[in-house]
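Residue strings, one per chain:
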Amino acid sequence: MDPALESANIITERKASSLTTIVAEELEKMILSGYLKPGERLNEMRLAEKFNVSRGIVREARRGLERAGLVNSLPNRGVFVKKVTREEYVENSEVRALLTAFLCGKAAENAGDEEKIELQKQLLAMGEAAACDDADTYFHLNLAFHEFILKTANHQRASTIYRDLVKDSLLARKYLLQGAVVMSKSHEEHTEIVAAIAANDKKRAYQAGLEHTSKGLARWLELQDDAPE
C-alpha cells in the first residue's frame, strides 16, 4: 500500500490528536523510510489531498520538519527533503567528533549510579536491536543514547551545538546505520563509551567518543565510495 494512503487512514483514526503533529509524524516516517528521498520536493497540495487535511496543516507540519533538520526551504523553489553533500558530511563529522569526545568526557565526570544504570539499559536495548538486524529501532535508540549522554554531561552550549550538527546530518546517519555488521561495530563503540563513563574515566571517555564518530565517518565514506554511479 502507498505509505501516504496508509498514513491518511491513521490520521482518520486519531481525530482526537493534533492534526499538525500527526501529519508531521507521518511525513517524518515517509522521509526516514526512504519513501520521500533526499532532494525530493514536497508538494503541499498533493500531500494535503493524500492526508485529507488543509494545506495550512501540511505547511505547519513541514515547518516542524525543517526545525528537525529533515527538510530545507529554498526561496522561490519550494521545500525539499534534505540532501547532504560529501563535503558537508565530512565537515559536520569532524566537528561532531570533537564535541562528542568533549561531551563523553563531561559525562564521565558527572555520571552517578543512576546515570550508569540507565546507560547500561540503553546499551542492552541497542544490542538487542542490532542482534535482530532492526535498523529502524537501532537508529532511534542510538539518538536517545547520545541525547542521554548530553543530559549527563550537563553542558548547555556544547549540547546545543551538537544537536544542530545532528540535525544537519540526520538523514545521512540514518542510512549509515543499516545492516548487522555496521550496527555491531557501532554497538562495540557504544560499549566502550559506556564502560569509560561507568569508570568515571574522563580521558578514556573522551577518546572513545572521538573514535566512535571518526569511525562512523570512515564507514560512511566507504559506503559512498562503494555506491554505484
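Everything here concerns the structure above.
So, a few notes on the structure that sits alongside this text. Note that the coordinates shown come from a computational prediction; the quantities given were computed from them, not determined experimentally. (Residues numbered from 1 in each chain as written. Predicted model: local features only at pLDDT ≥ 70, side-chain atom pairs only at ≥ 80, totals over all residues. Heavy atoms only, no water.)

Overview of the overall build of the chain
So, step 1. In terms of regular secondary structure, the chain is built from 10 helices and three strands.
So, step 2. Secondary structure of the chain in N-to-C order comes out as α-α-β-α-α-β-β-α-α-α-α-α-α.
So, step 3. The burial tally for the chain puts 44% of its 229 residues in the buried class.
So, step 4. Pairs at least 24 residues apart make up 73% of the contacts formed inside the chain by residues separated by at least 6 positions.
So, step 5. Summed over its atoms, the accessible surface of the chain is roughly 12,300 Å², and 51% of this surface lies on carbon and sulfur atoms. (Helix = DSSP H or I, 4+ residues; strand = E, 2+ residues; numbered from the N terminus. Buried < 20%, exposed > 50% of the residue type's maximum accessible area, 1.4 Å probe, protein only. Contact = heavy atoms within 4.5 Å. Areas by Shrake-Rupley, 256 points an atom, 1.4 Å probe, with all protein chains shown as cover.)

Let's talk about helix H3 (residues 44-51)
So, step 1. When we look at burial in H3, the residues that qualify are Glu-44, Leu-47, Ala-48 and Phe-51. The arc that holds the buried residues of H3, viewed along the axis, is 100 degrees, so those residues lie on one side. Within H3, the exposed residues directed more than 90 degrees away from the buried face are Arg-46 and Glu-49.
So, step 2. Among the residues of H3, the N-terminal cap falls to Asn-43, whose side-chain oxygen and the backbone nitrogen of Met-45 are separated by 3.2 Å.
So, step 3. Among the residues trailing H3, Asn-52 stands out with phi positive, at a value near 60 degrees. (Arc of directions from axis to C-beta. Polar contact = N/O pair within 3.5 Å; in protein donor to acceptor, adjacent residues only side chain to side chain.)

This is a description of form; function is not addressed.
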